[in-house]
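# An overview of the molecular structure
Read off the chains here:
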Amino acid sequence: MLNTPALAQDPQHKQRVIDALHGCVPSYSLLYTPEDTTPYECDGLTAFRTRPLCVVLPQTEEQVQKVLQTCSKLGVPVVARGAGTGLSGGAMPVQGGVVLSLAKFNQILSIDPLHKTARVQCGVRNLAISEAVAPYNLYYAPDPSSQIACTIGGNVAENSGGVHCLKYGLTLHNVLKVRGFLMNGDPITFGSDTLDAPGLDTLPLVVGSEGMLAVTLEVTVKLTPKPELARCIMASFKTVREAGNAVAQLIASGITPAGLEMMDQRMTAAAEDFVHAGYDLDAAAILLCESDGTPEEVEEEIARMSAVLSECGASKLSLSQNEAERLKFWSGRKNAFPASGRMSPDYMCMDSTIPRKRLADMLEAIQEMEKKHDLRCVNVFHAGDGNLHPLILFDASDPSQLHRAEAFGADILETSVAFGGTITGEHGVGVEKIGSMCVQFTAEELTQMQRLKIAFDPTGLLNPGKVIPTLNRCAEGGKMLVRGGLLPHPELERF
């Protein structure tokens, strides 16, 4: 692979790339001046930034294919980008590389209400799918908090979930087929239009691959019938341990809520001040527990959930009386991130997953970390599946605070692994957590991941430097050493 950092400083190289790309797309679809490329220097993780050599905005699949073929021939790295709402730096450009913006691929191509599927381009917004299929009494189940802006291609890259993923699953469980191109421009299809596909099942490889294996252009999604009724309980608890134990007990009792979210007192106060959702500000933590289905099913499940929550020490139970109030309860949770932005100049949203029974332990551990790093943290969790989203508050203009925020985040991830969890749930690894991969995985496991990457992208030009650390990087990370020791693997050190 070419030395892209060095080439990035070569004006002749930049001009060669731009001249070549002018043959792939119209001139108005190619951005290369600093004022035009600066908005693409990061995604939702603003702590890390790199300005790309140029940005290409193709409008047709043929143009995408030509761009990839051209960059492959020139040895120029490519980073595909959707709406830029990712939170782990997965869409951050590579120095000397090209950003492939797929924003113009925003059409819903077909809807099949009989088979409950829709065929959409990668740039279609998550919420737009549900809006388009609403006349058929259907919707697209995964609902990340950024669903008004995030795109289905980005959801595929990160295997996004949302507040209702406990019952309805992540992106992987709601997608049938993904079609796109490899780095060299060859077309590729993962999955099929049916529930099974001939040969090896490669769909789980691309969903969650963070744009490292292929460029997604078209996705066939499953659609879910709208439930007749949905109601939400807001349960208040005097301690975070009681709230955490209630989550574990709800699942242990055989109940699978449509949604089960947890917010600590600081997060509740911030969300209430932002959207006025009617939250209990005296509670140390609140749970939002939703039931959906037929009226009879909902009534029975609400009664069971209320009984479990009361037995676990809930000090107050508030039940939504209508659809408007249910949406109001959820509005605070879905606006947790922008609400946090009003509390601090910057925040770092972490994303890890732990066993549900360790939720209370994790919250107490984070409280100790706040003292250790001298920073505040507000907490909101996809409690039902143990997916944590602690938001570390800091000021990025202060180098000391940025350094402490990064150390705080690493502590959270390492503790999650120690509790039997993982370093990510749905935000991906990107550049943010690449060092923590050394904590989670052995040298052999990292090598196999790199070999898989090489199988789809032999030149390593598609979204390089993300997700999979080299063994040298693990060795340089101090205590972030690969479990089981370092082993020589030439394939892992290639890029």
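What comes next is a walk through the structure. (Residues numbered from 1 in each chain as written. Predicted model: local features only at pLDDT ≥ 70, side-chain atom pairs only at ≥ 80, totals over all residues. Heavy atoms only, no water.)

Helix and strand content of the protein chain: 18 helices and 19 strands. Computed over its C-alpha atoms, the radius of gyration of the protein chain comes to 23 Å, within 12% of the 23 Å expected for a compact globule of 495 residues. Dimensions of the protein chain along its principal axes, counting C-alpha atoms only, are 70 × 55 × 45 Å. Contacts in the protein chain between residues at least 24 apart in sequence constitute 72% of all its contacts with a sequence separation of at least 6. (Helix = DSSP H or I, 4+ residues; strand = E, 2+ residues; numbered from the N terminus. Rg over C-alpha atoms; globule rule 2.2 N^0.38 Å. Contact = heavy atoms within 4.5 Å.)

Our focus in this paragraph is unusual backbone geometry. Backbone geometry places Glu210, a non-glycine residue, at a positive phi of 60°. Given the relative accessible area of 9%, Glu210 is considered buried. Phi angles above zero are rare outside glycine, and Val467 is one such case at about 70°. Checked against the element boundaries, Val467 lands in the loop between helix H17 (443–456) and helix H18 (471–476). (Buried < 20%, exposed > 50% of the residue type's maximum accessible area, 1.4 Å probe, protein only.)

Moving on, we come to the nonpolar core. Counting 54 residues, the largest nonpolar core has Met262, Leu287, Leu309 and Ile392 as its most contacted members. For Met262, the contacting residues outside a window of four places in its chain are Val240, Ala243, Gly244, Ala285, Ile286, Leu287, Leu363, Asn379, Val380, Phe381 and Ala383. Core analysis: the next-biggest nonpolar cluster, separate from the first, contains 26 residues, Cys54, Val76, Val78 and Leu100 among them. (Core = buried A, V, L, I, M, F, W, Y, C linked by side-chain atoms within 4.5 Å.)

As a further point, take the sheet that holds strand S4 (residues 98–101). Strand order in the open sheet formed by four strands is S1-S2-S4-S3, and the pairing between neighbours is mixed. Both edges of this open sheet fall to strand S1 (30–31) and strand S3 (78–81), since each of them pairs with a single strand only. Here S1 pairs with strand S2 (residues 54–56) via two bridges, running antiparallel. Residue pairing for S2: Leu30 is matched across the bridge by Val56. (Pairing = 2+ DSSP bridges.)

It is worth spelling out the packing of helix H9 (residues 240–252) against helix H14 (residues 359–373) at this point. Running from N to C, H9 and H14 point in directions that differ by 150°, and their axes come no closer than 7 Å. By the criterion of interaxial angle, the relationship of H9 to H14 is roughly antiparallel. Together, Val240, Arg241, Gly244 and Val247 of H9 and Leu359, Ala360, Asp361, Leu363, Glu364 and Gln367 of H14 make up the contact between the two elements. Of the residues in the contact of H9 with H14, the class split is five nonpolar, two polar and three charged. (Axes fitted to C-alpha atoms, helices over the stretch in contact; angles between N-to-C directions. Parallel < 35°, antiparallel > 145°, perpendicular 65-115°, else oblique. Nonpolar A, V, L, I, M, F, W, Y, C, P; charged D, E, K, R; others polar.)

Attention now moves to the sheet that holds strand S6 (residues 117–121). Spatially, the five strands line up as an open sheet ordered S5-S6-S10-S8-S9, and their pairing is antiparallel. With one partner strand each, in any of the chains shown, strand S5 (108–112) and strand S9 (187–191) form the two edges of the open sheet. Taking each pair of neighbouring strands and ignoring which way they run, the sheet shows an average axis angle of 10°. Note that S5 and S6 share four bridges and pair antiparallel. The partner of Ser110 across the bridge, within S6, is Arg119. Of the strands in this sheet, S5, S6 and strand S10 (215–222) touch helix H5 (residues 126–133), which is tilted by about 45° from S5.

Another aspect to go through is helix H15 (residues 399–418). Think of an α-helix as turning once every 3.6 residues; residues three or four places apart then point the same way. With 20 residues, H15 should cover 28 Å at 1.5 Å per step; its first-to-last C-alpha distance of 29 Å lies within 8% of that length. All of the buried residues along H15 are Gln401, Ala405, Phe408, Gly409, Ala410, Asp411, Ile412, Leu413, Glu414, Thr415, Ser416 and Val417. The secondary structure elements touched by the buried residues of H15 are strand S16 (346–349), strand S17 (352–353), H14, strand S18 (376–382), strand S19 (387–394) and helix H16 (437–440). Looking one or two residues past H15, Gly420 carries a phi angle of roughly 95°, positive in sign. (Expected span 1.5 Å × (residues − 1).)

A few words now on the pattern of salt bridges. Inspection of the entire model under this criterion finds 23 salt bridges. For Arg179, the salt bridge is made with Glu61, and the minimal N-O distance between the two is 2.6 Å. Placement of the pair is Arg179 in strand S8 (residues 175–181) and Glu61 in helix H4 (residues 61–74), with a sequence separation of 118 residues. Glu61 sits in the partly exposed class, given a relative accessible area of 22%. Here Arg179 falls in the partly exposed class, since its relative accessible area comes to 25%. (Salt bridge = Lys/Arg side-chain N within 4 Å of Asp/Glu carboxyl O.)

These values are about where atoms sit, not about what they do.
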